[in-house]
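Given next are the chains, with one letter for each unit.
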Amino acid sequence: MLVGDLNFILDNSEKQGGNEALSSASAMIQTVIQQIGLIDLKFQGDPFTWSNQREGDANIRERIDISLVNVSWFENFPDSIIHHLTRVASDHSHLFIEIDPARLRLSRHYKYFRGWKEHKEYDLFFENAWKKNREESENDIIKTFE
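What comes next concerns the included structure. Bear in mind that the values here come from a model prediction, so they are computed numbers and not experimental data.

In total, this model carries four salt bridges according to the counting rule given. Between Arg-63 and Glu-14 there is a salt bridge, with the nearest N and O atoms lying 2.7 Å from each other. A residue pair is termed long-range when its members are at least 10 positions apart, and Arg-63 in the loop between strand E6 (61-62) and strand E7 (65-70) and Glu-14 in the loop between strand E1 (2-5) and strand E2 (15-16) qualify at 49 residues. The class of Arg-63 is buried, set by a relative accessible area of 3%.

Rendered as structure tokens:
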């Protein structure tokens, strides 16, 4: 599994605003991905994972954070999905990887580490996250948790 900010788009549908991406570059990247046998995992959420955070016509959004897996991985976890989470304090969306929950059974429970609370920006992080969600419309809040 290869996941992260790969800093390229696979086709022009993964870009909104700004200059059109070079179709020859996208085609070359797609060819390499196919030749080495990788598959782009499906996702839920906002189709764009990066934004230049400008307003109006100057805003550019792209899907440059992606997840690629090989055929063997995909055969073992065919229903896996990537969730594009709402951007918070970054120009990139966080990616949440749900690895085929029907097949994967975790034996451990979620644990909370007290050290998180002791981080100097812990309270500010959650205060800002809650504030942002309160300011968004009900539909945006629902999308945050999809």
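Text resumes after the structure shown.
Now for the side chain of His-84. Within the secondary structure, His-84 sits in strand E8 (residues 81-84). Within the structure, His-84 has its side chain in polar contact with the backbone oxygen of Asp-46 (distance 2.7 Å). The residues contacting His-84, other than those within four sequence positions of it, are Phe-43, Gln-44, Gly-45, Asp-46, Pro-47, Thr-49, Arg-63, Asp-65, His-94 and Leu-95.

Across the sheet, three strands lie side by side as E2-E6-E5; this open sheet has antiparallel pairing. Bordering the open sheet on either side are E2 and strand E5 (50-51), each of which pairs with just one other strand. Bridge count for E5 against E6 is two bridges, and the pairing is antiparallel. Pairing of Trp-50 across the sheet is with Glu-62, part of E6.

This structure, assessed with the given rule, holds one aromatic pair. Both rings, one in Trp-73 and one in Phe-77, keep their centres 5.0 Å apart while their planes meet at 50 degrees; by these two values the pair is tilted. When its relative accessible area of 16% is taken as the criterion, Trp-73 is described as buried.

Grouped together as the largest cluster of nonpolar side chains are five residues: Leu-10, Ile-29, Ile-33, Ile-66 and Leu-68. Taken together, the elements giving at least two residues each to this core come down to helix H1 (23-35) and E7. Filtering out sequence-adjacent residues up to four positions away, Leu-68 remains in contact with Met-1, Leu-2, Leu-6, Ile-33, Leu-38, Ile-39 and Asp-40.

Now for H1. Between the first and last C-alpha of H1 there are 18 Å, a value that for 13 residues agrees with the 18 Å anticipated at 1.5 Å per step. If you check which residues of H1 are buried, you get Ser-26, Ile-29 and Ile-33. Within H1, the buried residues cover an arc of 65 degrees as seen down the axis, which keeps them to one side. Within H1, the exposed residues directed more than 90 degrees away from the buried face are Ser-23, Ser-24, Met-28, Gln-34 and Gln-35. For H1, the secondary structure elements touched by its buried residues are strand E3 (38-40) and E7.

Here we take up unusual backbone geometry. With the exception of glycine, most residues fall at negative phi, and the peptide bonds are largely trans. For Asn-7, which is not glycine, the phi torsion reads 60 degrees and is therefore positive. As for its position among the elements, Asn-7 is in the loop between E1 and E2. Positive phi outside glycine occurs at Ala-89, with the angle close to 55 degrees. Of note, Ala-89 is situated in the loop between E8 and strand E9 (95-98).

Strands sit in the order E1-E7-E3 across an open sheet of three strands; the sheet is antiparallel. Because the sheet does not close on itself, it has two edges, and the strands there are E1 and E3. In this sheet, adjacent strand axes meet at a mean angle of 25 degrees when their direction is disregarded. Direction of pairing for E1 relative to E7: antiparallel, over a ladder of four bridges. Bridging from a neighbouring strand, Asp-5 pairs with Asp-65 of E7.

Criteria and cut-off values
- Residues numbered from 1 in each chain as written.
- Predicted model: local features only at pLDDT ≥ 70, side-chain atom pairs only at ≥ 80, totals over all residues.
- Heavy atoms only, no water.
- Salt bridge = Lys/Arg side-chain N within 4 Å of Asp/Glu carboxyl O.
- Helix = DSSP H or I, 4+ residues; strand = E, 2+ residues; numbered from the N terminus.
- Buried < 20%, exposed > 50% of the residue type's maximum accessible area, 1.4 Å probe, protein only.
- Polar contact = N/O pair within 3.5 Å; in protein donor to acceptor, adjacent residues only side chain to side chain.
- Contact = heavy atoms within 4.5 Å.
- Pairing = 2+ DSSP bridges.
- Phe/Tyr/Trp six-rings, centres within 6.5 Å; stacked < 30°, edge-to-face > 60°.
- Core = buried A, V, L, I, M, F, W, Y, C linked by side-chain atoms within 4.5 Å.
- Expected span 1.5 Å × (residues − 1).
- Arc of directions from axis to C-beta.
- Axes fitted to C-alpha atoms, helices over the stretch in contact; angles between N-to-C directions.

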